[in-house]
Amino acid sequence: MVVKPVPGRTTAAVDGDAVVLLIGMRVNHFWAVHQWVPVMVSMLRMLKELGRDAERGLLGHVLLTASPRTYYVVQYWESKEKLYAYAHSPDMFHHRAWTIINRKERAGKMRGHVGLWHETYVVPEGSHESIYADMPAFGLAAAHGQVPVETRGRYAKDRFAYRSAGAGEKTG
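Asks: What am I meant to see in the overall build of the chain here?
Replies: Within the chain, the secondary structure is distributed over five helices and seven strands. Counting helices and strands in the order they occur from the N terminus, the chain gives β-β-α-β-β-α-α-β-β-α-β-α. Each of the three principal axes of the chain carries a C-alpha extent, and together these read 55 × 35 × 30 Å. Counting all 172 residues of the chain, 36% fall into the buried class. Of the roughly 10800 Å² of accessible surface on the chain, a fraction of 58% belongs to carbon and sulfur atoms.

Quick look at the structure:
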């Protein structure tokens with residue numbers, strides 16, 4: 001599939017807070033393929049599971065690599081409540097995967113072959129801005145939509161100052 005760039009300058013159409021989760025793995029021992037491949041496959045399985053049900057709240061994601069050892073996903077969520085609900089839902093694959101990891105750790109069977117990490121950010125409206133020049137929707141814009149930069153402000157300081165119609169209303 002070829003995604004054509006959107007001509008000109010655009011920005012992400014985020015109204016309200018932006019919820020961003022960075023989650024990944026680090027291969028500590030390349031030869032321990034039987035340890036790190038299941039982790040990688042599990043992440044792909046969770047993304048597929050989330051992709052089947054938009055109501056879960058995942059708006060978009062980007063798969064990235066930081067090095068030959070480190071792989072991660074930047075995820076954009078509708079809200080931190082929906083992220084928490086997915087993470088704690090006993091009928092979702094994430095819960096089952098962490099149950100296995102916790103059981104192995106308690107049994108002393110985690111050998112440090114693969115590292116796991118995540119960072120979650122709730123970025124309040126007015127504390128983020130974006131610009132894309134001749135780009136297809138990417139990152140926040142792919143998750144929240146893309147609008148001409150002039151609708152939010154030509155300069156970064158203007159985009160930081162942008163407030164949606166619902167700004168000021170307390171959510172979750």
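Back to the text.
Asks: Just checking my understanding: could you explain the pairing of strand S3 (residues 58-65) for this structure?
Replies: Here is the key point about a regular strand: its side chains alternate between the two faces of the sheet. One ladder, built from seven bridges, connects S3 with strand S4 (residues 70-77); its direction is antiparallel. Across the sheet, residue leucine 58 finds its bridge partner in S4, namely tryptophan 77.

Asks: Before we go on, may I ask you to explain the pairing of strand S2 (residues 18-27) in this structure?
Replies: Within S2, nine of the 10 residues are buried, which leaves the element mostly enclosed by the surrounding structure. Of the strand pairs in this sheet, S2 and strand S5 (residues 114-123) are connected by 10 bridges, and their pairing is antiparallel. Its bridge partner being in S5, leucine 21 is matched across the sheet by threonine 120. Bridging between S2 and S4 involves eight bridges; their strand directions are antiparallel. Opposite leucine 21, over in S4, you have glutamine 75 as the bridge partner.

Asks: I keep staring at the sheet that holds strand S1 (residues 6-12) and nothing clicks. Help me out?
Replies: Paired through backbone hydrogen bonds, the strands of a sheet run either parallel or antiparallel to each other. Taken in spatial order, the three strands make up an open sheet running S6-S1-S7, and their pairing is antiparallel. Where the open sheet ends on each side, the last strands, each with one partner, are strand S6 (132-135) and strand S7 (146-148). Within this sheet the neighbouring strands show an average axis-to-axis angle of 55°, counted without direction. With three bridges joining them, S1 and S7 adopt antiparallel strand pairing. Each residue of the ladder has a partner; that of alanine 12, found in S7, is glutamine 146.

Asks: What's the story with the sheet that holds S2 in this structure? I'm lost.
Replies: Spatially, four strands are ordered S3-S4-S2-S5 in an open sheet, and the strand pairing comes out antiparallel. Looking along the sheet, the strands with just one partner apiece sit at the ends: S3 and S5. Strand after strand, the sheet turns through a mean of 15° between neighbouring axes, direction not considered. Docked against the sheet, helix H1 (residues 33-51) engages S2, S3, S4 and S5, running at close to 15° with respect to S4.

Conventions we followed
Sequence order as written defines the numbering, with residues in each chain counted from 1. Owing to the predicted nature of the model, reporting of local features is limited to residues with pLDDT of at least 70; listing and counting of side-chain atom pairs is limited to 80 or more, with chain, interface and lining totals taken over all residues. As a convention, hydrogens and water are excluded, and side-chain values are obtained from all of the structure's heavy atoms. A run of H or I in DSSP counts as a helix once it spans at least four residues, and a run of E counts as a strand once it spans at least two, with each numbered from the N terminus. Think of it in three bands: with a 1.4 Å probe and only protein chains considered, a residue is buried below 20% of the maximum accessible area for its type, exposed above 50%, and partly exposed in between. In this description, accessible areas are obtained by the Shrake-Rupley approach with a 1.4 Å probe, and a residue is regarded as covered only by the protein chains that are shown. For two strands to pair, DSSP has to find at least two bridges joining them. Working convention: axes come from line fits to C-alpha atoms, limited for helices to the stretch in contact. Angles between N-to-C directions cover 0 to 180 degrees. The contact criterion used throughout is that any non-hydrogen atoms of two residues lie within 4.5 Å.

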